[in-house]
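# Structure at a glance
The primary structure of each chain is shown beneath.
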Amino acid sequence: MGVISNPGSPSWQHELTHSTSQINPQCDQSPSVRRPSSVSGNMTMRLTGITMNRMNMFPNTDPAFIEDAVRNEMEKEEQDLIKELVTLSRRDRIRTIRELPMCFEEKKHIRSQVLAFKTSKQSHNCTCFADYFENVTLCFRRCGYSIRSARQTLELWHGIMKEISGKFGTSVLSYFVFLKWLLMFNIFSFLVNFGFITIPLLVYDPSPNIPPNVSFRGLEILTGAGYISYTVMYYGGYSNETFVGLAKYDMQLAYFFTIAIYMVLCGIALIFSMARSFMKNFVLVNPASDKAWQLLCSWDFSITNERAVRQRKNNLRVQLKESLSEQAQRELLTLSEKLKQFGVYLGSWLLSTSLAVGCGASIYYLCQYEQEQATDAANWTLLQEAQTLLVPFVVSLMNLVVPLFYSLFNKFEHYSSQRRQIYALVVRNIFLKLFILGVLCYYWMNVVAYRFTCWESMVGQALYRLVIVDFLFLMLGSFFGEFLSKLLPHVGIPEFDVARNVLELIYAQTLAWIGIYFSPLLPAIQILKFFILFYLKKVSLTHNCQPPRRIGRAAQMQTIFIAVLFFPFFVGALSMVAYVSWRLTPSEQCGPFRGLNSTFSVVGVWMHNLHEIPGSQWVIWIYEHIIESELFYFLIALIVQAITYTFWQISQGRKALIALLRQQIVNVGKDKSFLIDKLQTLQNSDPNKKSKEKDQKMHTKQCSDEQSSGSQSNSNAMVQALLARQQFEEEDERRSADGVPVPADISTPSALMQAMLARQRAEAWDEHLYQMPDNYPSSSSTLVQAMQARQRAESQERAEYIRTAPFSENPVNRFSAVSQTDRSGDLSSSVSSVKMQVREKSAEEEDRFQWVPSPSQNPAPPGSSALIQAMLARQQAQNEFDDGY
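Below, the structure is looked at part by part. (Residues numbered from 1 in each chain as written. Predicted model: local features only at pLDDT ≥ 70, side-chain atom pairs only at ≥ 80, totals over all residues. Heavy atoms only, no water.)

### Thoughts on the overall build of the chain
Worth spelling out the cut-off: Helix and strand labels come from DSSP, where a helix needs a run of H or I of at least four residues and a strand needs a run of E of at least two; each type is numbered from the N terminus. The buried label goes to any residue with under 20% of its type's maximum accessible area, the exposed label to any with over 50%, and the partly exposed label to all in between, with areas taken from a 1.4 Å probe on protein chains only. Pairs of residues are marked as contacts when any of their non-hydrogen atoms sit within 4.5 Å. Exposure was quantified through the Shrake-Rupley algorithm and a 1.4 Å probe, taking into account, for residues, occlusion by the shown protein chains and nothing else.
Along its length, the chain carries 32 helices and two strands. Relative to its full complement of 885 residues, the chain shows a buried share of 39%. Relative to all contacts within the chain whose residues are 6 or more apart in sequence, the contacts with residues 24 or more apart total 80%. Just so you have it, the chain exposes about 51000 Å², and 62% of that area is on carbon and sulfur atoms.

### Overview of the state of the cysteines
We count it as follows: Counting rule for disulfides: a pair of cysteine sulfur atoms within 2.5 Å.
Throughout the structure, instances matching the rule amount to one disulfide. Between the sulfur atoms of Cys454 and its disulfide partner Cys590 the distance amounts to 1.9 Å. Between Cys454 and Cys590, the disulfide has an S-S torsion of 105° and is therefore right-handed. Residue Cys454 is found in the loop between helix 16 (418-446) and helix 17 (455-487), and its partner Cys590 is found in the loop between helix 20 (554-582) and helix 21 (601-610); the two are separated by 136 residues along the sequence. Neither residue differs from the other here; Cys454 and Cys590 are each classed as buried.

### Examining the packing of helix 17 against helix 19 (residues 522-544)
What counts is decided by this rule: An axis is simply a line fitted to the C-alpha atoms; with a helix, the fit covers only the stretch in contact. Between two such axes, the angle follows the N-to-C directions and lies from 0 to 180 degrees. Angles are sorted into four bins: roughly parallel if under 35 degrees, roughly antiparallel if over 145, roughly perpendicular if 65 to 115, and oblique for all others. The classification used treats Ala, Val, Leu, Ile, Met, Phe, Trp, Tyr, Cys and Pro as nonpolar, Asp, Glu, Lys and Arg as charged, and all other residues, Gly among them, as polar.
In the contact formed by helix 17 and helix 19, the axes pass within 11 Å of each other and the chain directions differ by 5°. Comparing the axis directions of helix 17 and helix 19 gives the class roughly parallel. Facing Tyr464, Val467, Ile468, Asp470, Phe471, Leu474, Met475, Ser478, Glu482, Phe483 and Lys486 of helix 17, the residues of helix 19 in contact are Leu522, Ile525, Gln526, Lys529, Ile532, Leu533, Leu536, Lys537, Ser540, His543 and Asn544. Considering only residue class, the contact of helix 17 with helix 19 consists of 12 nonpolar, five polar and five charged.

### Some remarks on the nonpolar core
Across soluble globular proteins, you tend to see nonpolar side chains buried next to one another. As a reminder, the rule being used: Among the buried residues, those of types Ala, Val, Leu, Ile, Met, Phe, Trp, Tyr and Cys that are joined through side-chain atoms within 4.5 Å form a nonpolar core.
In terms of nonpolar packing, the biggest core is built from 112 residues, with Tyr175, Phe176, Phe178 and Trp444 touching the most fellow members. In this structure Phe178 touches Val502, Leu505, Ile506, Gln558, Phe561, Ile562 and Leu565, once residues within four positions along its chain are discounted. Ranked by size, the runner-up nonpolar core spans 11 residues in total, among them Ile82, Leu100, Met102 and Phe117.

### Here's the deal with the pattern of salt bridges
Should the charged atoms of two oppositely charged side chains come close, the side chains can pair. Note the cut-off: The term salt bridge refers to a side-chain nitrogen of Lys or Arg lying within 4 Å of a carboxyl oxygen of Asp or Glu.
Across all of its chains, the model carries 10 salt bridges by this definition. With a closest N to O distance of 3.9 Å, Arg217 and Glu220 form a salt bridge. Residue classification places Arg217 among the partly exposed residues on the basis of a relative accessible area of 39%. Asp470 serves as the salt-bridge partner of Lys529, at 2.8 Å between the closest nitrogen and oxygen. With a gap of 59 residues between them, Lys529 in helix 19 and Asp470 in helix 17 connect regions that are remote in the sequence. Asp470 carries the same exposure label as Lys529, and that label is buried. Ionic contacts of the salt-bridge type, sharing partners, join the residues Arg217, Glu220 and Glu385 into one network.

### Describing the packing of aromatic side chains
Counted only if it meets this: When two rings of Phe, Tyr or Trp (its six-membered ring) have centres within 6.5 Å they constitute a pair, described as stacked for plane angles under 30 degrees, edge-to-face for angles over 60, and tilted for the intermediate range. By definition here, charges over rings are those cases where NZ of Lys or CZ of Arg is within 6 Å of the ring centre and within 35 degrees of the ring normal.
On inspection of all chains with the given rule, the structure shows 41 aromatic pairs. With a centroid separation of 5.7 Å and 85° between ring planes, the pair formed by Phe534 and Tyr535 is classed as edge-to-face. Residue Phe534 is classed as buried on the basis of its relative accessible area, which comes to 0%. Classification of Tyr535 by relative accessible area gives partly exposed; the value is 35%. By way of ring pairs, the aromatic residues Trp157, Tyr175, Phe176, Phe496, Phe531, Phe534 and Tyr535 are connected into one cluster. Its end group placed over the ring of Trp349, Arg428 keeps NZ or CZ at 4.5 Å from the ring centre. Cation over ring: Lys433 sits above Tyr507, and NZ or CZ is 5.1 Å from the ring centre.

### A short note on helix 15 (residues 390-407)
Convention followed: Helix span is expected to be 1.5 Å times the residue number reduced by one.
Its 18 residues give helix 15 an end-to-end C-alpha distance of 26 Å, which sits within 8% of 26 Å, the value for a rise of 1.5 Å per residue. The complete set of buried residues in helix 15 reads Val391, Pro392, Val395, Ser396, Met398, Asn399, Val402, Pro403 and Tyr406.

### Side note on the environment of Cys441
On the secondary structure map, Cys441 appears in helix 16. For the pair Cys441 and Ala573, spaced 132 residues apart in sequence, the C-alpha to C-alpha distance is 9.5 Å. Not counting the four nearest positions on each side in its chain, Cys441 is found in contact with Ile514 and Met576.

### Remarks on the packing of helix 13 (residues 335-373) against helix 15
Where helix 13 contacts helix 15, the axes come no closer than 10 Å and their chain directions differ by 170°. The angle between helix 13 and helix 15 falls in the class roughly antiparallel. Mapping the contact onto sequence places Ser352, Leu355, Ala356, Cys359, Ser362, Ile363, Leu366, Cys367 and Glu370 in helix 13 and Leu390, Val391, Val394, Val395, Met398, Val402, Phe405 and Tyr406 in helix 15. In terms of residue class, the contact of helix 13 with helix 15 is made up of 14 nonpolar, two polar and one charged.

### Observations concerning a nonpolar patch on the surface
Rule in force here: Here the term patch refers to residues with relative accessible area over 30% and no salt bridge, with like charges joined within 9 Å and nonpolar side chains (Val, Leu, Ile, Met, Phe, Trp, Tyr) within 5 Å.
Side chains of Trp618, Trp621, Ile622, Ile627, Phe632, Tyr633, Ile636 and Val640 sit close together on the surface and give an oily, nonpolar patch of about 780 Å² of accessible area. Breaking the nonpolar patch down by element, the ones donating at least two residues are helix 22 (617-627) and helix 23 (630-685). Looking at Trp621, the relative accessible area reads 48%, which means it is partly exposed.

### Observations concerning the side chain of Asn544
By the secondary structure assignment, Asn544 is in helix 19. Residue Asn544 is classed as buried on the basis of its relative accessible area, which comes to 9%. Excluding residues that lie within four positions of it along the chain, Asn544 makes contacts with Glu482, Phe483, Lys486, Ile493 and Pro494.

### Remarks on unusual backbone geometry
At the junction of Phe567 and Pro568, the peptide bond is cis and its omega measures out at 20° in the coordinates. Within the secondary structure layout, Pro568 lies in helix 20. Even without being glycine, Trp157 reaches a positive phi, approximately 60°. Within the secondary structure, Trp157 is located in the loop between helix 6 (128-154) and helix 7 (158-168).

Here is the structure:
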């Protein structure tokens, strides 16, 4: 079952078969919960895999026996697991079952077995109070599951999201998830602004200050001017009074702190969302493993539509072909071709950047022209009011047309990967939108702020028109760019461009963040816009578009979207609002901050008023010594930099560790490959091994039947040496009996000659072993019998020599006797070692049979030394086993 990690139980650190946890005796006496006969497919595969491994380890064992043993072992492990789970608490048991390395069906089976074990009569040892508590807990848990299911059902667009994911995959779904996330931002912003700024004003001053000559004409819905400019939609419609009722309510403080706290909360939410998404979804992948990711990990299992499945398979195949061809083409590029490609990249970036700068400059001069034609807003005609839509129209047209022009660069740009091409297009679009927004903000802060009496409302109207016209262009783009493209046969079905659509959402949200100060209710327009846009894009996607051919990692795409939204767009919007609050002088005739040097001055006025309230000195001290202190912000920046540097070092260390672990994985793979090659080489060197193993049982039976007959064949080199030695010893005894001593050095030349002859015969015999027929008896039994005969001969020799030759008469014979006595232990141990080797190598020796040659033509000459003869015989026996092995 593997190792189960449970911090609360140390016994989980070992295997379940060695677990030390015990259960109650009554539980042990309960009938064992057996696995049903019909195991799941996963368990069948696991049983088959373990059985095959065991059969590879023990090839001579019956497969049915191995399968039964493995099945019994698995059932025993399951019983041990169930007994361990019974002893745990409910929460630990649920967590442990979830962490089991099993499929869902096996986990469900384990859970049912544990519940059956707990509810059986033999193991049921609970009181009534425990039963009641268990039933109440189960009831509450089921209620929680029901509430959770109902919450998912009531979740906004839950069913539509599943439908989009099933038809188009998670990459397209990421756009709609991002749109829904921005919608939640705007809902929160609207509730905060409407609750803390608008409602108090409507309660204390319900009638707006609208001049009598201004009436609603309908065009104000598009322009935001005229009648709407005097309402609470803009900055100028709010008062700077302090409303007195049940409590004092200062509109200046409410307006400032509401906007400030909302922007701070948005920044914190973006940072935490980006960090959590990066930690959870962004995988640090080696660039070399991109092809492996496309092949193994890029399939989207949420797709259920058959047409989408076929299209996704075709797209994946095309991506693999293109990536491989691009890699091969990049490797074949020469230096001149690389320089040419670099020149193309440089020219494309210069052209795109110049185009973005030109768009920004044209918008600046267009705003100046509109400002020269503008007059008092109260006396505008319908034509003059319609002329205010010129700048938003041009800006939205640039945002629609210029990205299409950027996409034409792909015709002559050839990036090494499609991901780089997409990133290049995204970065160019970001530069375009940043230039446009930067020029507009510069114009509003340096021109409009000094030419109009209520310039905050004028900026709010301009942002309102940008939001409305941008929404109209999004609708037109969906119709003309997707619906009409589908009708044209030479164009084909368009793809849903996730990156371009997400950048449009980011641009729209940036307008809402900039306008939060100038138009507190602008998030209401944004909510309506996103709500309609969701259904518009869903219908257009379903009827007009196809999934993108270039699939990306949806989790990483979501992280990148949030990162781009935070920087540079949110940071830019926050910088704009902060600059207006700290540097620019508010209007003197409208708005809540009239009469102040800056918006932030309201905090100083509030601190001055706090001097009159007792017990508020600590607030004043914090403001004077911390808020207004440059040292405080310097220390905060220093701490943030230190923390950032620390985390950067940690990330660098983890990257180095990851690289080291990857290198270790590569080395382990190389070691395994080397071992496999050596194993294959050894297997190929003995091709007849398998055929010999098939006849193993037949050979064993033949050898056992012919063991008695094989004992009579004394034709091998070992038996010949023993016979020669026995003949020499008999002559030696006769000479000793006659009183003729034999010097030790006389037998040396004959012993050397005998050793050479015996070695030659052993090599000739070993070479002939591979050519013998299959009907000869085995040499192992003959060798054992020869060693036994040798031992018996030596024991008789010692007995006779001790009886006939005294030790004091002949020193040579005394030395020979001592040597024989010392060799007796070696001979007995040699025989035992030979028996052990025969048993261990019986599987390899049984398929070799002995050839019975003619009697030896070179008998041992008389006068050979007994010690040298014994050494030669022992060397021949060792050579036989070495050659056989």
